[in-house]
Amino acid sequence: FAIALLRPCLLPSLPLVWRLHQCWLLVGLSVAGPTRLTLHVERVTQTVRGPTVLVRNNTMPAMTTSRPTSAMIKLAADALQSLNPRLLPLPPPSTEQSGGRDVCFVNPTLLCKDLPDEIGMRGVISSWYISPERHVVEMVVVGFISVIALSMIVPRLSRYPTDCANQPDANSLRPPLLLRLLIGICFTLQIVYKLAGYPGKLYMMLMPCNVIWCLHFAHAFVPMSPNARHVLVQLCITYVGLPVVAIATPDLSDLTLPFEIEYFFLNHALLLVFPMYWICSAKVSMLPLAKRGESVLGNFVKWYSMACAIFALFYFVFVTPVAVYSGLNLNYMLSPPPNPGNVISGESFRLMSIGCCGALFFIMRFGALVGESLATAVLLKVRVSAGKGKKM
């Protein structure tokens, strides 16, 4: 159903008004079709009678609906839920609360104390904190908006180095040898820590900062066009706020291997170095490329919107099903992250999170733009002053 409505939106041969009408129709049906689900969750203690464990710590949510749920959304929700029928309706408590009887998975029951690595896994267990129907709706709506945004932005991207004023060398954006070695070593250590951890920890490479490491690794070692390298660098600069947040509010619950916590801070700090190198070396600019004839505002909105659309599409549409399947709360797509005062919580926590990420991307890219503009103005003034001094 979604594809049938999405297809006319992307056909350039159709009038723009008709395409916008189809887009709006899909969003309206996606939001209005499903019900607003009210979860009533009762937390009580567990009891153990002989070998049988009676799970009462997280009872299944009772759902009340204000109108019938769309059959298509219900079918998609059932398919999503079938990826992992072992998930609880709420994540287990972060620390043991019932004398070794806390449950982490059902069908069959698995106590948290019996996890392969209880300390590391307990804080990253997936759950149905929000209903599968809600997940499907957000996947369709966010994915749809992201695809439409990318279809409008990508054809308008400037071409590197074609649109540059000085026509730089095609390999000018390839990282220097020292950076390539640093990226290779750090990326390899990251993979080693994931493989040596609890079962399935490699899925944690889908966390945002680890994905940025993947982008840097691809940029350094995968053959690609100069324009593709330029796009990767622009994305990494926009996402530089993510490691800043990770350092400021670290979640260290699953870091149990030797020196893993120290390496966590080191590799996140290094993620701040690479964007600074590209900007300070003047190999990449936050300003429009000279031959493009584009305004600073238009260039900013284009790259910022593209970064937000890719981030939202990747995590809502791709990572969410992987998080359900793996049983791990990847990028907190299934339940909220630890946050002061539990401000980000409730059934709309993912929308709150994407709003916070959008604001973070805006601040970081705007800061990089302002910093580069000021540096350019200062350098220009210095050159003019030096030129006047030589004439005198």
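Here we summarise the structure given alongside this text. Predicted model only: the values in this text are computed from it and were never measured.

**Re helix α10 (residues 260-280)**
Move 1: Taking 1.5 Å as the rise per residue, α10 with 21 residues should run 30 Å; its terminal C-alpha atoms sit 31 Å apart, in good agreement.
Move 2: Along α10, the residues that are buried comprise Glu260, Tyr263, Phe264, Asn267, His268, Leu270, Leu271, Phe274, Pro275 and Trp278. Mapping the buried residues of α10 onto a view down its axis gives an arc of 150 degrees, with all of them on the same face. Among the exposed residues of α10, those pointing more than 90 degrees away from its buried face are Met276 and Cys280.
Move 3: Considering only its buried residues, α10 is in contact with α6 (177-196), α7 (208-221), α8 (226-238) and α9 (241-248).
Move 4: Within two residues after α10, Ala282 carries a phi angle of roughly 65 degrees, on the positive side.

**Notes on the state of the cysteines**
Working definition of a disulfide: a covalent bond connecting the sulfur atoms of two cysteines.
Move 1: Inspection of every chain in the model, using the stated rule, returns one disulfide.
Move 2: The disulfide that involves Cys104 links it to Cys112, with 2.1 Å between the sulfurs. Measuring handedness by torsion sign, the sulfur bridge of Cys104 and Cys112 sits at about 105 degrees and is right-handed.
Move 3: Looking at Cys104, the relative accessible area reads 0%, which means it is buried.
Move 4: Look at Cys112 and you get buried, because its relative accessible area is 0%.
Move 5: No disulfide involves Cys357; its sulfur sits 7.0 Å from that of Cys356, the nearest cysteine.

**What to know about unusual backbone geometry**
Move 1: Residues Asn107 and Pro108 are joined by a peptide bond in cis, for which omega reads -5 degrees.
Move 2: Relative to the elements of secondary structure, Pro108 occurs in the loop between β5 (103-105) and β6 (110-111).
Move 3: Phi at Phe259 takes a positive value of approximately 60 degrees, unusual for a residue other than glycine.
Move 4: Positionally, Phe259 belongs in the loop between α9 and α10.

**With respect to the packing of α7 against α8**
Move 1: Two elements in contact, α7 and α8, have axes whose closest approach is 10 Å; the angle formed by their N-to-C orientations is 155 degrees. As the angle between them shows, α7 and α8 are arranged roughly antiparallel. In this structure, α7 meets α8 at a crossing whose hand is left-handed. For the pair α7 and α8, contact is made by Ile212, Leu215, His216 and His219 and by Arg229, Leu232, Val233 and Cys236, respectively.
Move 2: Broken down by class, the residue content of the contact of α7 with α8 amounts to five nonpolar, two polar and one charged.

**So, the side chain of Gln234**
Move 1: Structurally, Gln234 is set in helix α8.
Move 2: Within the structure, the side chain of Gln234 is placed 3.1 Å from the backbone oxygen of Ser285, a separation counted as a polar contact.

**A few points about a nonpolar patch on the surface**
Move 1: On the surface, Phe362, Ile363, Phe366, Val370 and Leu374 cluster together into a nonpolar patch covering about 460 Å² of accessible area.
Move 2: With respect to the secondary-structure elements, Leu374 resides in helix α12 (residues 349-391).
Move 3: For Leu374, a relative accessible area of 55% puts it in the exposed group.

Criteria and cut-off values
- Residues numbered from 1 in each chain as written.
- Predicted model: local features only at pLDDT ≥ 70, side-chain atom pairs only at ≥ 80, totals over all residues.
- Heavy atoms only, no water.
- Helix = DSSP H or I, 4+ residues; strand = E, 2+ residues; numbered from the N terminus.
- Expected span 1.5 Å × (residues − 1).
- Buried < 20%, exposed > 50% of the residue type's maximum accessible area, 1.4 Å probe, protein only.
- Arc of directions from axis to C-beta.
- Contact = heavy atoms within 4.5 Å.
- Disulfide = S-S within 2.5 Å.
- Axes fitted to C-alpha atoms, helices over the stretch in contact; angles between N-to-C directions.
- Parallel < 35°, antiparallel > 145°, perpendicular 65-115°, else oblique.
- Left-handed = near helix turned anticlockwise from the far one by under 90°.
- Nonpolar A, V, L, I, M, F, W, Y, C, P; charged D, E, K, R; others polar.
- Polar contact = N/O pair within 3.5 Å; in protein donor to acceptor, adjacent residues only side chain to side chain.
- Patch = residues over 30% accessible without salt bridge, like charges linked within 9 Å, V, L, I, M, F, W, Y side chains within 5 Å.
- Areas by Shrake-Rupley, 256 points an atom, 1.4 Å probe, with all protein chains shown as cover.
- Salt bridge = Lys/Arg side-chain N within 4 Å of Asp/Glu carboxyl O.

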